[in-house]
Amino acid sequence: MSNEILIPDDIISSKIYLIRNQKVMLDKDLSELYAVETKQLKRQVRRNLERFPEDFMFELSQQEFDNLRSQFGTSSWGGSRYMPMAFTEQGVAMLSSVLNSPTAIKVNIQIIRVFTKIREMLTDTLSLKLEIEEIKKKLSNHTQNIELVFNYLDELIDKKENTEPRNKIGYKND
C-alpha cells in the first residue's frame, strides 16, 4: 500500500466540525471522501454498532443539524430519514474496520494524520499561550517593582526638599 496522497489535507480539515465540544466528521463528508454512498456507510455502521460507542459516533439532534445547515446557508443536505452521524477521531479510525476497501483505508490514514496535526497545533497554541501568560506575569511584577523604586525616590526627594539646611562641618574660610 503506497502513501500517495489522495486528498489535500486542507480539504479534509475543512470537513472537521466542532460539535458537542468534540472534533467530528459527518457521515456525508466521510462517504464522499471514501467514495461510497452515505447509505452504505450508515448501513455498515448500524450493522456494527457495538464498535461505535457514544464517544466514537453519535447522531446529531435536530437542533444541531439545523445549526449546522444554517452555518452553510444551504439545504443541499438532501432529504434523509435519519439525522447525520458524527464520528470522532476514534470513530473514524474504527470505520476502517467496517469499510474495508483500499480507498477507505488510504483515506482513513490521511484523515487520522490530519486529526493528529490539528491536535498538535492546538497543543502548540496552548503552550504558546501559557508562555505568554508567564511573560505577562513577569512584566507585571517588573512594572510593580519599578513603580516601587520611583515611589522611594519621590519620598527621598521630598525628604531632602523638606529638611532645613545643615551647618557645614570642617574648615571654614574666613
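Reading guide: rules and limits
Residues numbered from 1 in each chain as written. Predicted model: local features only at pLDDT ≥ 70, side-chain atom pairs only at ≥ 80, totals over all residues. Heavy atoms only, no water. Pairing = 2+ DSSP bridges. Helix = DSSP H or I, 4+ residues; strand = E, 2+ residues; numbered from the N terminus. Axes fitted to C-alpha atoms, helices over the stretch in contact; angles between N-to-C directions. Contact = heavy atoms within 4.5 Å. Buried < 20%, exposed > 50% of the residue type's maximum accessible area, 1.4 Å probe, protein only. Parallel < 35°, antiparallel > 145°, perpendicular 65-115°, else oblique. Left-handed = near helix turned anticlockwise from the far one by under 90°. Nonpolar A, V, L, I, M, F, W, Y, C, P; charged D, E, K, R; others polar. Phe/Tyr/Trp six-rings, centres within 6.5 Å; stacked < 30°, edge-to-face > 60°. Salt bridge = Lys/Arg side-chain N within 4 Å of Asp/Glu carboxyl O.

(A) Main features of the sheet that holds strand 2 (residues 22-26). Spatially, the four strands line up as an open sheet ordered 1-2-4-3, and their pairing is antiparallel. In the strand order of this sheet, the two ends are held by strand 1 (16-19) and strand 3 (57-59), each with one partner. Averaged over all pairs of adjacent strands, the angle between strand axes in this sheet comes to 45°, irrespective of strand direction. For strand 3 and strand 4 (residues 85-87), the ladder comprises three bridges, and the chain directions are antiparallel. Each residue of the ladder has a partner; that of Glu59, found in strand 4, is Met85. Running over the sheet, helix 3 (residues 38-47) touches strand 3 and strand 4 and is turned about 75° from strand 4. Docked against the sheet, helix 5 (residues 89-98) engages strand 2 and strand 4, running at close to 95° with respect to strand 4.

(B) Layout of the pairing of strand 1. Where strand 1 and strand 2 come together, four bridges link them in antiparallel fashion. Note that in strand 2 the partner of Tyr17 across the bridge is Val24. Hairpin connection between strand 1 and strand 2: a loop of two residues separates the two successive antiparallel strands, and Arg20 in this loop has a positive phi of roughly 55°.

(C) Focus on the environment of Ala86. With respect to the helices, strands and loops of the structure, Ala86 is situated in strand 4. Taking relative accessible area as the criterion, Ala86 reaches 0% and is therefore assigned buried. A sequence separation of 20 residues divides Ala86 from Lys106, and the C-alpha atoms of the two residues are 20 Å apart. Every residue in contact with Ala86, bar those within four places of it in the chain, is listed here: Val24, Met25, Leu26, Phe56, Met57, Phe58 and Leu60.

(D) Representation of the packing of helix 5 against helix 6 (residues 102-162). Close contact between helix 5 and helix 6 brings their axes to 9 Å; oriented N to C, the two are set at 165°. Between helix 5 and helix 6, the interaxial angle falls into the category roughly antiparallel. Where helix 5 crosses over helix 6, the two elements pack in a sense that is left-handed. Taking contact as the criterion, the partners of Glu89, Val92, Ala93, Leu95 and Ser96 in helix 5 are, on helix 6, Asn108, Ile111, Ile112, Phe115, Thr116 and Arg119. For the contact of helix 5 with helix 6, the per-class residue count stands at six nonpolar, three polar and two charged.

(E) Up close: the packing of aromatic side chains. In total, this model carries one aromatic pair according to the counting rule given. Aromatic side chains Phe52 and Phe87 sit 5.9 Å apart centroid to centroid with 80° between the ring planes, which places their arrangement in the edge-to-face category. Of this pair, Phe52 sits in the loop between helix 3 and strand 3 while Phe87 is found in strand 4, placing the two residues 35 residues apart along the sequence. A relative accessible area of 4% means that Phe52 is categorised as buried.

(F) Summary view of the pairing of strand 2. Alignment of strand 2 against strand 4, held across two bridges, turns out to be antiparallel. Across the sheet, Met25 pairs through a bridge with Phe87, a residue of strand 4.

(G) Representation of the pattern of salt bridges in the model. Per the counting criterion, the structure on display carries nine salt bridges. Here Asp29 and Lys15 are joined by a salt bridge, their closest N and O atoms 3.9 Å apart. In this pair, Asp29 is assigned in helix 2 (residues 27-34) and Lys15 in the loop between helix 1 (9-13) and strand 1, connecting sequence segments 14 residues apart. Overall, the relative accessible area of 13% leaves Lys15 in the buried class. Here Glu64 ties to Arg20 by a salt bridge, and the two come within 2.7 Å at their closest N and O atoms.

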